[in-house]
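What follows is each chain in one-letter form.
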Amino acid sequence: MEEFKESLVGELGNKTAFTIPVLGGIPVADSVVVTWIIMALLVVCSWLLTRKLSVRSPGKVQSALEWAVQFLSGFVKTNIGPHWRPFVPWLGTVALYIGISNLIGIFGLTPPTKDISVTAALAVMSMLLIYGSQFRYNGPLGGLKKFAEPMPLLLPINLMEVLIRPLALCMRLFGNILGAYIIMEMLKFVAPVILPAVFSIYFDLFDGLIQTVVFVFLTTLFTGEGIKDEA
């Protein structure tokens, strides 16, 4: 049991894949390498799936892609409002990255979302999007007035949300993926043949996709709150 505890603690750490021999050595974490793999996969798949697009005779793959884009566009338009269009590429890319990151553990790679620095970076970028768009579409004064809505009495709470929202996005994604990873490691230790395959359907597939939807949904919802009433 002690050996299992030690191995689990070691797995929970963010391991260094390799070190770049410049400036005294720059460590590159496993999560960064896996992120590079995901980026390359997305670029290759994007090229393969879109190189033969046709207006007159779209195939099944093109029809499926068009349906996915229309679904995402409709979702974003409903929650953000008239200025929805610029947000679709960002939200779609984030959804693909988080979704693949959460599912990549099935292939024996370490999910980047198990690294809190990755989830924190995603949360910070989402907050820049949320509050940047709030000031862009409402102007400096209008953006500040949003913090006093629906009544000035809530100003302190709304200001606290500037820190609470990214913290919630970060820890929700990190905590769920880390928790699933720990449970799967424990199941592998108890019954390495049967149980991991069964529970992987939930923790690696179902739960991973749920966390993707939750992150994108909350980012869209928070963004819409800041700009939807404008126009």
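Preceding this section is the structure that the text describes.
If you're wondering where the values come from, they're calculated on a predicted model, not measured in any experiment.

**Q** In this structure, what is going on with the pattern of salt bridges? I would like to understand it.
**A** Opposite charge on two side chains permits them to pair, given that their charged atoms come into close proximity. Tallied over the entire structure, the rule returns three salt bridges. For the salt bridge of Glu149 with Lys146, the shortest nitrogen-to-oxygen distance reads 3.6 Å. For Lys146, a relative accessible area of 11% corresponds to the buried category. For the salt bridge of Glu225 with Arg165, the shortest nitrogen-to-oxygen distance reads 2.5 Å.

**Q** Before we go on, may I ask you to explain the layout of surface pockets in this structure?
**A** A probe matching the size of a water molecule, rolled over the atoms, marks out where space remains unfilled. Empty space within the largest pocket amounts to approximately 1,000 Å³. Taken together, 27 residues make up the lining of the largest pocket; nearest its centre are Ala68, Leu72, Gly92, Ala95 and Leu96. Counting residues per element, the lining of the largest pocket draws most heavily on helix H4 (residues 87–103), which supplies nine residues. Classifying every residue of the lining of the largest pocket gives 20 nonpolar, seven polar and no charged.

**Q** Sorry if this is basic, but what is going on with the packing of aromatic side chains here?
**A** A ring pair, where both rings are aromatic, is described by two values, the distance of the centres and the angle of the planes. Evaluated as defined, the whole model comprises five aromatic pairs. Consider the rings of Trp67 and Phe71, whose centres lie 5.5 Å apart with planes at 15 degrees: the pair is stacked. Of this pair, Trp67 and Phe71 both sit in helix H3 (residues 60–80), four residues apart, which is roughly one turn of the helix. For the ring pair Tyr131 and Phe147, a centre distance of 5.9 Å and an interplane angle of 20 degrees mean the geometry is stacked. Highlighted residues: Tyr131 in helix H5 (residues 116–145) and Phe147 in the loop between H5 and helix H6 (155–190), separated in sequence by 16 residues. Relative accessible area serves as the criterion here: at 11%, Tyr131 is assigned to the buried category. For Phe147, a relative accessible area of 10% gives the class buried.

Calculation rules
Residues numbered from 1 in each chain as written. Predicted model: local features only at pLDDT ≥ 70, side-chain atom pairs only at ≥ 80, totals over all residues. Heavy atoms only, no water. Salt bridge = Lys/Arg side-chain N within 4 Å of Asp/Glu carboxyl O. Buried < 20%, exposed > 50% of the residue type's maximum accessible area, 1.4 Å probe, protein only. 1 Å grid on protein atoms, 1.4 Å probe; cavity = no way out; pocket = protein on both sides within 12 Å on 5 of 7 lines; lining within 4 Å. Points joined across faces, edges and corners; volume = space filled by probe spheres on them. Helix = DSSP H or I, 4+ residues; strand = E, 2+ residues; numbered from the N terminus. Nonpolar A, V, L, I, M, F, W, Y, C, P; charged D, E, K, R; others polar. Phe/Tyr/Trp six-rings, centres within 6.5 Å; stacked < 30°, edge-to-face > 60°.

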